[in-house]
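# Geometric and topological summary
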Amino acid sequence: VITQFIADSIGKEEEVEEVTELAEVVYQKTMGNIFCVMQAMEELVRKNALYYDMMCFEWRWAVSKVELSTTISDDVVETVKGKIKELSSEIQYMLIVMAYVPNTLEVPVLTELMKRNSVSLDESRVAELLKKATEEALLMYSAESDNYIFIHDRIREASRGSIADEDKDDLLLHLSLVLQKLAKGPETEWCLFVAVDLLNSLPSEKTNCNDLARLNMRVSVIARNRGIVEKQSDVLHEGLQCLKSSGKLWEDYNLTLSLLNDVIPCDRELGCFDEATAAIDEVLANGKTLDDKFIANVNQFMVKCDSSRDYGTAIEDGIKILNMYGYKIPLKPTKADVVKEEMKAKMALKNRPYSCLAEIPVKDDPIFQLFAHVCECAIFQSHERLLTVLLKRLIRRVIDDGMGKEFPCTFVILGVLMQKKGKVQASTEIGNVTLLLLEKFKSDKIIYARTKMIVIATLGFQLQSFRSQVDALLHCHKDLKFVGSIENAMGAAIGYFCSYLSAGFPLGPLLESKLQIVEEYGYRYDKGSFAVLFKMLRQFAINLRQRSDNPSEFNGDAYNEEDTLNGMNEQKSKMMLRDSGAYRIQLAFIFGDRECMTSMLDILSTYPYTFHDVTRLHPRLCFMGLSAFAVKYKNKEVGGKCLEYFQKLTKAGSVNAKPVYLFMLAMKKPSKSAFESAIDATKEASTLHLEAMVKEHYGLYLQQQNENKLANDCLASSYFSYYDWGAHSKALRMTQQYHFLAKTSRIKAKSLFSASGCTETSSQSQSAEKSSVSSTRRVSYVYNSTFRSKKEVKEKS
């Protein structure tokens, strides 16, 4: 290919063998890279090793193969440098300036950057230089950006190397100063990013370290707002390193403290716990006052919590810090402490509803952050008394001194406490008030998206359907991811996927791909405990969709439960077993694995029957109850507690609870009316997966009653519902168990249930069959890759 290219370039298309020697030399130097080949050919021309013979009208070379080899530089960058040096000084200077600015430059901006010392060009002259550089094949016009760009990165590299080392630092300093002046609004914020990178590359003696540290902090805020968390961390550490290398770390106390206070939460959120701990120790060792050490103290206990998930120890540390600031919170409150704090909060509210808090002015107070994180740890440990004391004390603080931005996401925990006590309406009211308070902080994207996510996941799904709120959780995930709040973004993603599955939305490769993307995102930012959950959910979807000998086990390519649990500490393993058990028992119920249902009930019955996250509690209690009634579990309290949970929510008007509650009743006391009521409810809630399960168990019940024809119709309808859901592995199992399904018509299966869910009479069914036979039909085929079969589907035209 290279031989033919060279032959075409020098007009030897018909005499390719003549350029073989030349092509061999060029190939050895360039390894066939077309850009490098072009540069090598140009170098041969510049050095007259390759020339155009005007007498013979053809290209010639009159040197040996060895001489050709020594003529071509071993480094293509050096080749391009040689080419640049032969250009005018103005073009050289322009290329050097463009090389140190990674963004595409408009002519006015490039003109400003080139104004230095004796050089002062107008825009028309700069435009001419750009055209000349394009003619030299160094630049090209980009229609996308409407500007000139380098043809190849090697040309940029060569341009950078074309300036003498002694002049380079002064040029970079000049460029950074001009770029800072040009940064006058959001559209030119990129100038600050380039300027700070140029200054950070200079020796410390060439810059004002304090000013550079401030510029790094300024850019970090912009990076954070744009969701570029890695850049935020990089520039903060560059600013810190600048102060350290110059020996001026604590020379300006306020500057250093502010910089470290920015570094600490940034590193913690990225999972860089060692770096965060080092910055915390620096502040605790050098901070002058308790207030100066506040962020370090708060994040110290948060780092311990995030790294070990030891919420008990984290609570102790958090309460100690609160008490350092005069709050006098007991670590283990008595009943009297709770009553006392409740009375004080009631007096502060003056018998007004919680909605009156919307009238409280906003106040920037970091103590609210500490309260928020201690409350989060307490809810994970189910310390209800401590939570009540903390929340009532915080409400008094708001009434007395104003509302911090973290208050709404902490206040919603009060609704979770109400929820645990079965007070559905009261907890829903708390959620509504939280959303009202949240409007005060709409400009803070992290607070707004995070709090909205918590409200939906903990209180919103009590009464509202999973289908109606699943997209809202996805938006929260995207917003939190955009602003760099990684842990909260992962939490929103878990809520999204759990509610997606609970809503009965379709399974398939697209869902599995989405799970894998978020899983990789978690590992990228060292959030392995979150990533493992996505691996487990992906394996759950795979087991339902693809063939497996043991679909109730998590032992696949996506997730291996045994290996994962063995690699975790006791606390993490316990939490992971709860979540994986909730989905394994669902698989066991779907595939009729009674042994697995029993073993999972033995494990899951040891966990509390309450949890703050409804998206994870709902599937656990749903399939614990259904499995308990299916296998007639020895501990009758298990099924009873699950049934009671969904009964309370159903009475309160929960869309999600009603189909589960009626399904459980049918499993507890099977009857035609019970199953038909459950089918009605699943249709009304559009929970396709539950509809498939109810119909299957109704069919099995009818078989026991010797109503085989109706039973077969139920099983056929169940088969198609499983298939439509995407549970192809389960559908395949059904065809192996019930051979009549191979000849079953989808239309006949669909006609089994009317809109109300009642079965048709025999005469109605026969009439429908006769009518369908006489009517015109359209025939189509569906190919199932799992079954490796083609099925005819007949539909009325």
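Whatever comes next refers back to the structure up there.
### What about the environment of V433?
Relative to the assigned elements, V433 resides in helix α22 (residues 424-438). The class of V433 is buried, set by a relative accessible area of 6%. With 25 residues separating them in the primary sequence, V433 and P408 have C-alpha atoms 8.7 Å apart. Aside from chain neighbours lying at most four places away, what touches V433 is Y354, S355 and F411.

### Description of the packing of helix α29 (residues 570-591) against helix α35 (residues 688-704)
In the contact formed by α29 and α35, the axes pass within 10 Å of each other and the chain directions differ by 40°. Taken together, the axes of α29 and α35 are oblique relative to one another. Facing Q586, F589 and I590 of α29, the residues of α35 in contact are H689, M693, E696 and H697. Of the residues contributing to the contact of α29 with α35, the split by class is three nonpolar, three polar and one charged.

### Some details on a nonpolar patch on the surface
A surface patch of nonpolar side chains, about 360 Å² in accessible area, is lined by Y52, M54 and F57. The exposed category is assigned to M54, whose relative accessible area is 58%.

### Some words on the packing of aromatic side chains
This structure, assessed with the given rule, holds 24 aromatic pairs. Both rings, one in F368 and one in F407, keep their centres 6.4 Å apart while their planes meet at 80°; by these two values the pair is edge-to-face. Remark: F407 occurs in helix α21 (residues 407-420) and F368 occurs in helix α19 (residues 367-380); sequence separation between them is 39 residues. Neither F368 nor F407 differs from the other in exposure class; each is buried.

### Focus on the pairing of strand β3 (residues 139-142)
As defined by bridge partners, β3 adjoins strand β4 (residues 147-150) across four bridges and the pair is classed as antiparallel. Directly across from M140, in β4, lies its bridge partner I149. The turn linking β3 back onto β4 is made up of four residues, and D146 within it adopts a positive phi angle of 60°.

### A few points about the nonpolar core
In a soluble, globular protein the nonpolar side chains are often hidden away together inside. In this structure, L357, F407 and F411 are the most contacted members of the largest nonpolar core, which totals 251 residues. Apart from the residues within four sequence positions on either side, L357 is in contact with L349, V398, I399, M403, F407, F411, L437 and K440. Residues V26, V37, A49 and L50 belong to the second largest nonpolar core, which totals 15 residues.

### Some words on the pattern of salt bridges
Going through the model one piece at a time under the given rule, you end up with 33 salt bridges. In this structure, the salt-bridge partner of D365 is R397, at a minimum N-O distance of 2.2 Å. In this pair, D365 is assigned in the loop between α18 (335-349) and α19 and R397 in helix α20 (residues 384-401), connecting sequence segments 32 residues apart. With respect to burial, D365 and R397 carry one shared label: buried.

### Comments concerning the packing of helix α33 (residues 657-668) against α35
It is the contact of α33 with α35, at a shortest axis distance of 11 Å, that shows an interaxial angle of 15°. When the interaxial angle is binned, α33 and α35 end up roughly parallel. Along this stretch, α33 crosses α35, giving a crossing that reads as left-handed. For the pair α33 and α35, contact is made by P659, V660, F663 and M667 and by L690, M693, V694 and H697, respectively. Its residues assigned to classes, the contact of α33 with α35 comprises seven nonpolar, one polar and no charged.

### Topic: the side chain of S502
Along the chain, S502 falls in helix α25 (residues 486-502). Apart from the residues within four sequence positions on either side, S502 is in contact with F466, T615, H618, P619, T687 and H689.

### Some details on helix α32 (residues 636-652)
Here α32 contains 17 residues, and its C-alpha end-to-end distance of 25 Å stays within 8% of the 24 Å for a straight helix at 1.5 Å per residue. Of the residues making up α32, those classed as buried are V638, G639, C642, L643, Y645, F646 and L649. For α32, the buried positions fall inside an angular range of 155° around the axis, keeping them on one side. Relative to its buried face, α32 has exposed residues pointing more than 90 degrees away, namely K636, E637 and K651.

### Structural notes on unusual backbone geometry
Residues other than glycine seldom take positive phi values, yet N351 does so here, at roughly 60°. Considering the arrangement of structural elements, one finds N351 in the loop between α18 and α19. Relative accessible area serves as the criterion here: at 67%, N351 is assigned to the exposed category.

### Some details on the side chain of E269
Among the secondary structure elements, E269 is positioned in helix α14 (residues 253-269). Residue classification places E269 among the buried residues on the basis of a relative accessible area of 19%. Setting aside its immediate chain neighbours within four residues, E269 contacts R224, G484, I486 and K527.

The rules behind each value
Residues numbered from 1 in each chain as written. Predicted model: local features only at pLDDT ≥ 70, side-chain atom pairs only at ≥ 80, totals over all residues. Heavy atoms only, no water. Helix = DSSP H or I, 4+ residues; strand = E, 2+ residues; numbered from the N terminus. Buried < 20%, exposed > 50% of the residue type's maximum accessible area, 1.4 Å probe, protein only. Contact = heavy atoms within 4.5 Å. Axes fitted to C-alpha atoms, helices over the stretch in contact; angles between N-to-C directions. Parallel < 35°, antiparallel > 145°, perpendicular 65-115°, else oblique. Nonpolar A, V, L, I, M, F, W, Y, C, P; charged D, E, K, R; others polar. Patch = residues over 30% accessible without salt bridge, like charges linked within 9 Å, V, L, I, M, F, W, Y side chains within 5 Å. Areas by Shrake-Rupley, 256 points an atom, 1.4 Å probe, with all protein chains shown as cover. Salt bridge = Lys/Arg side-chain N within 4 Å of Asp/Glu carboxyl O. Phe/Tyr/Trp six-rings, centres within 6.5 Å; stacked < 30°, edge-to-face > 60°. Pairing = 2+ DSSP bridges. Core = buried A, V, L, I, M, F, W, Y, C linked by side-chain atoms within 4.5 Å. Left-handed = near helix turned anticlockwise from the far one by under 90°. Expected span 1.5 Å × (residues − 1). Arc of directions from axis to C-beta.

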